[in-house]
Amino acid sequence: MDFDRRTLIAGSLAVAGLAGNASSPANAQTPPPTASKALPPGLPQPTETIDLWPKGPPAHLKAPLTETVDERSTDALVTDRAVYGVTRPRMAVFRPDRPNGAAVMITPGGGYRWIVVDKEGYEIARWLTARGFTAFVLFYRLPGEGWSSGPDTPLADAQRAMRLIRHRAKNFAIDPERVAAMGFSAGGHLCADLGARFAAKVYEPVDAADKLSAKPFCAAPIYPVVSMDPAIAHPGSRNLLLGPSPTPELEAAHSPDRMVPADAPPHFLVHAEDDDVVPAENTARLRAALKARKVPVEAHFFANGGHGFGLRRAIGKPVEIWPEMWRAWARTVGFG
């Protein structure tokens, strides 16, 4: 592998602001997080942000929200920030020095309670850009925070983000067809949901970008929440997505393994069998559903790794090879 411990730790250190440089007046409205740790020189930062909705999200709130950043790390060298209360969904953009023409939209996890932007967002983006991919880290709205769009709230943001990337492809020297999705944990659910319901109408079109497809070229749900079946569902994600007493129909509609279309994109799946947060059966069911629909899929199950290993927590374990496995697989489906 061509990354080492120093690279991964550096990728986890604090950045000046979650959104990078403001690209519109709206961006300045969100206060930057408090910086509690020294900032390392030369660490790649987001080059800009892209607001998803020019006139605000296509839904209303039951009560006002304030975007909040919680620093969860007690390590002086590592940041692990969680963001919630997102009312201005956006993408933080990481540009490579030498674009390879492909882009990856990243949906960090957080159990639909918050968005873990360092470990499953910015660190992944830096790994990708070092290899030529343009990376877009999605700050999506959370479904349990009172949006009128309910469980379709994150999917609306993910669909819109994919369409905007394609609409602005020339600005980033990328092929509009070669836009992949990668997500982790609950963000893996969003990634899988996008892979299954990319054509579902979950918002009214707002501009020319919405004429474009939201289908990813390929999808990589990593240790994903998939099923809303109480037997294997992650309880917190299920409750925040669907509420405390969802109907069987609602459970099915938001279980990507039960919604896979025949034209779903190729999938790359990774899970650790000792995951004590999201059972590996989630990934097993998604793999079986993709196989049943004859959708190309590659799945890797590791004995050890736990949950939320990302890059930094995979170091020293067999599971640390997963990013290069994804990269090699991506070439086989014409991506990368």
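Calculation rules
Residues numbered from 1 in each chain as written. Predicted model: local features only at pLDDT ≥ 70, side-chain atom pairs only at ≥ 80, totals over all residues. Heavy atoms only, no water. Helix = DSSP H or I, 4+ residues; strand = E, 2+ residues; numbered from the N terminus. Expected span 1.5 Å × (residues − 1). Buried < 20%, exposed > 50% of the residue type's maximum accessible area, 1.4 Å probe, protein only. Pairing = 2+ DSSP bridges. Axes fitted to C-alpha atoms, helices over the stretch in contact; angles between N-to-C directions. Contact = heavy atoms within 4.5 Å. Salt bridge = Lys/Arg side-chain N within 4 Å of Asp/Glu carboxyl O.

Attention now goes to helix 3 (residues 153-167). Its 15 residues give helix 3 an end-to-end C-alpha distance of 21 Å, which sits within 8% of 21 Å, the value for a rise of 1.5 Å per residue. For helix 3, the buried fraction is high: 14 of the 15 residues fall into the buried class.

Take the sheet that holds strand 1 (residues 48-51) next. Sheet strands associate in pairs through backbone hydrogen bonding, adopting either a parallel or an antiparallel arrangement. Strand order in the open sheet formed by eight strands is 1-4-7-5-8-9-10-11, and the pairing between neighbours is mixed. Both outer strands of the open sheet, strand 1 and strand 11 (297-302), are each paired with one neighbouring strand and no more. Within this sheet the neighbouring strands show an average axis-to-axis angle of 20°, counted without direction. When strand 4 (residues 90-94) meets strand 7 (residues 134-139), the two strands line up antiparallel, connected through five bridges. From the neighbouring strand, Phe-94 faces strand 7, where its bridge partner is Ala-135. Most of the contacts of helix 3 go to strand 5 (residues 103-107), to which it runs at about 160°, and overall it touches strand 1, strand 4, strand 5, strand 7 and strand 8 (179-184). Running at roughly 155° to strand 10 (residues 267-272), helix 7 (residues 281-292) makes contact with strand 9 (219-222), strand 10 and strand 11 of the sheet.

Once that is clear, we can look at the pattern of salt bridges. Scanning the model with the defined rule gives 18 salt bridges in all. Of the charged contacts, one joins Asp-152 and Arg-197 as a salt bridge, the two residues approaching to 2.8 Å between their closest N and O atoms. Of this pair, Asp-152 sits in the loop between strand 7 and helix 3 while Arg-197 sits in helix 4 (residues 186-197), and the two are 45 residues apart along the sequence. Classification of Arg-197 by relative accessible area gives buried; the value is 11%. Between Arg-160 and Asp-210 there is a salt bridge whose closest N-O contact spans 3.0 Å. Of this pair, Arg-160 sits in helix 3 while Asp-210 sits in the loop between helix 4 and strand 9, placing them 50 residues apart in sequence. No difference in accessibility class separates Arg-160 from Asp-210, as the two residues are buried. A network of salt bridges, in which partner residues are shared, links Arg-131, Glu-324 and Arg-327.

In short, geometric facts, not functional conclusions.
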